[in-house]
Amino acid sequence: MSQKTFYIESYGCQMNVSDSEIVGSILSERGFRLAQEAEQADLILLNTCAIRDNAEQKIRYRLRELKQLKKQKNTIIGVLGCMAERLKNQLLEEEQLVDIVAGPDAYRSLPELVEDAEDGKKAVNVILSKEETYADISPVRLNSNGVTAFVTIMRGCDNMCSFCVVPFTRGRERSRNPYSILKEVEDLLKQGYKEVTLLGQNVDSYYWNGDGAKKDLLKKGQDRNAVNFAKLLKMVAEVDPQLRIRFSTSHPKDMTDEVLEVMAQYSNICKYIHLPVQSGSNPVLERMNRGYTAEWYLSRIDAIRRYMPDCAISTDIIAGFCGETEADHQETLNLMKTVKFDFAYMFMYSERPKTLAERKYKDDVPEEVKKNRLNEIIALQQQHSAEKVQQQVGKIHEVLIEGDSRKSSEMWMGRNSQNVVVVFPKKHHQKGEYVKVVATQCTSTTLIGESVE
Ligand code: 5AD
Ligand code: SF4
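Residues numbered from 1 in each chain as written. Chains lettered and ligands numbered in written order. Predicted model: local features only at pLDDT ≥ 70, side-chain atom pairs only at ≥ 80, totals over all residues. Heavy atoms only, no water.

1. Overview of the pattern of salt bridges
Phase 1: According to the stated counting rule, one finds 34 salt bridges in the structure shown.
Phase 2: Residue Arg170 pairs with Asp19 through a salt bridge whose shortest N-O separation is 3.1 Å. In this pair, Arg170 is assigned in helix α6 (residues 166-170) and Asp19 in helix α1 (residues 14-29), connecting sequence segments 151 residues apart. Residues Arg170 and Asp19 agree in their burial class; the two are buried.
Phase 3: With its nearest N and O atoms 2.6 Å apart, the salt bridge here joins Glu112 to Arg30. Here the residue Glu112 occupies a position in helix α5 (residues 110-118), and Arg30 occupies one in the loop between α1 and β2 (33-34), the gap between them amounting to 82 residues.
Phase 4: Overall, the relative accessible area of 36% leaves Glu112 in the partly exposed class.
Phase 5: Classification of Arg30 by relative accessible area gives partly exposed; the value is 44%. (Salt bridge = Lys/Arg side-chain N within 4 Å of Asp/Glu carboxyl O. Helix = DSSP H or I, 4+ residues; strand = E, 2+ residues; numbered from the N terminus. Buried < 20%, exposed > 50% of the residue type's maximum accessible area, 1.4 Å probe, protein only.)

2. What to know about the side chain of Ser162
Phase 1: With respect to the helices and strands, the residue Ser162 is situated in the loop between β8 (154-155) and α6.
Phase 2: What makes Ser162 buried here is its relative accessible area of 1%.
Phase 3: Of note is the side chain of Ser162, whose polar atom sits 2.7 Å from the backbone oxygen of Arg287.
Phase 4: If we skip the residues at most four places from it in the chain, Ser162 touches Arg287, Met288, Asn289, Phe321, Thr355, Leu356, Ala357 and Tyr361. (Polar contact = N/O pair within 3.5 Å; in protein donor to acceptor, adjacent residues only side chain to side chain. Contact = heavy atoms within 4.5 Å.)

3. Things to note about the site of ligand 2
Phase 1: With respect to spatial proximity, the complete set of residues near ligand 2 consists of Cys157, Asn159, Met160, Cys161, Phe163, Cys164, Val166, Pro167, Gln201, His251 and Arg290.
Phase 2: Taken together, the residues that form the shell around ligand 2 break down as seven nonpolar, three polar and one charged. (Near = heavy atom within 4 Å. Nonpolar A, V, L, I, M, F, W, Y, C, P; charged D, E, K, R; others polar.)

Structure below.
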């Protein structure tokens with residue numbers, strides 16, 4: 001019998017991209033081969049997102065598209081990830097063509113689930129785990145540029161932000177053994193990778209002392225063998241000075257000065273922090289259960305700038321959360337003006353079933369108002385982003401080349417430490433090389449320049 005082939009599509013966050021690479025590894029181990037296109041595969045997997053309603057609508061649309069293919073080839077269709085976890089068996093009833101439903105902690109059982117599906121059984125595993133970190137699995141790099149890679153350092157989330165479905169779809173927070181992280185990073189380095197992004201829902205609460213528990217001990221300085229995020233960053237930074245390190249996502253309530261100190265100390269840790277604020281209004285932050293005030297958030301921004309004046313900061317903002325007044329919205333705009341974020345991901349609030357907000361608060365901001373507020377937020381951010389990029393023109397940037405620029409095969413594309421995309425003529429440079437580039441012009445998001453010796 002010829003080898004079975006699989007194809008996997010990732011939706012949503014970077015964590016899903018990383019998870020798909022774990023799935024790729026589990027299937028390859030069991031004899032499956034990666035297909036280049038969905039049309040050729042025996043098994044198509046969609047690794048899904050449930051964070052907002054429109055993310056789920058996108059998956060439903062894709063499933064409808066796949067209906068034709070299933071008719072022709074009898075392809076097995078699997079839904080993985082957050083939407084699978086949220087809807088469980090219901091998904092099989094609602095979407096008749098789905099054969100497999102597997103939640104984020106169930107990927108080791110995928111080969112068995114595929115066998116069940118082949119036998120005509122509906123195959124579902126949505127059991128969440130308190131321990132699973134897939135620590136021993138070496139991810140198969142999918143769609144890789146061979147230069148940058150994701151490394152998952154923890155799974156799940158215990159924060160319970162009231163708007164967020166993630167604690168329900170990804171389960172309890174657990175940290176991965178730091179030595180397995182180091183091993184993965186060293187392996188990547190051997191394969192020629194030059195940059196890793198450490199991933200977690202809240203990297204600042206990374207904590208490992210053998211069993212992952214008893215967080216407060218480290219705060220009191222009693223458990224010297226334990227590894228917190230600052231220590232982990234240091235360990236990864238010391239693997240090789242030529243290896244760049246990024247991480248995401250930071251949480252304003254947990255980001256310590258110790259982390260900032262380590263970032264400032266190591267030039268190979270990129271000077272970029274993604275620090276979601278969500279809102280600039282204290283009553284809204286309180287209802288969101290974020291665990292900080294606007295004043296606290298601003299004090300963390302001050303701390304970042306104290307340690308690293310050149311650090312770029314990006315954020316997430318939600319417009320129109322339950323009970324948000326025009327005055328609350330103005331507070332968000334004011335906070336944005338105070339901070340001047342380099343970049344932001346901006347969303348309209350989307351009520352998610354079972355979340356704290358759905359149970360406790362009314363989704364009472366009219367759609368039109370949400371939309372208008374979001375547009376104001378986006379317009380302001382566009383100004384700030386453009387200003388920030390403009391300020392970088394005329395300066396010299398250290399850029400890691402990731403590949404061809406999107407618009408021209410004569411130009412390289414890479415990023416500087418602050419995560420800004422820089423485009424420049426190829427000359428004799430190679431992919432994976434660090435190059436000094438002087439920025440001579442810019443678009444609203446990208447620097448354009450020329451390498452200097
Ligand atoms: N509605 C809108 N945006 C949301 N996010 C999370 N949940 C929701 C929701 N229900 C946003 C937050 C978070 C980012 C990943 O997605 O801003 O930081
Ligand atoms: Fe969701 Fe909050 Fe956890 Fe982020 S920190 S995944 S927004 S619950």
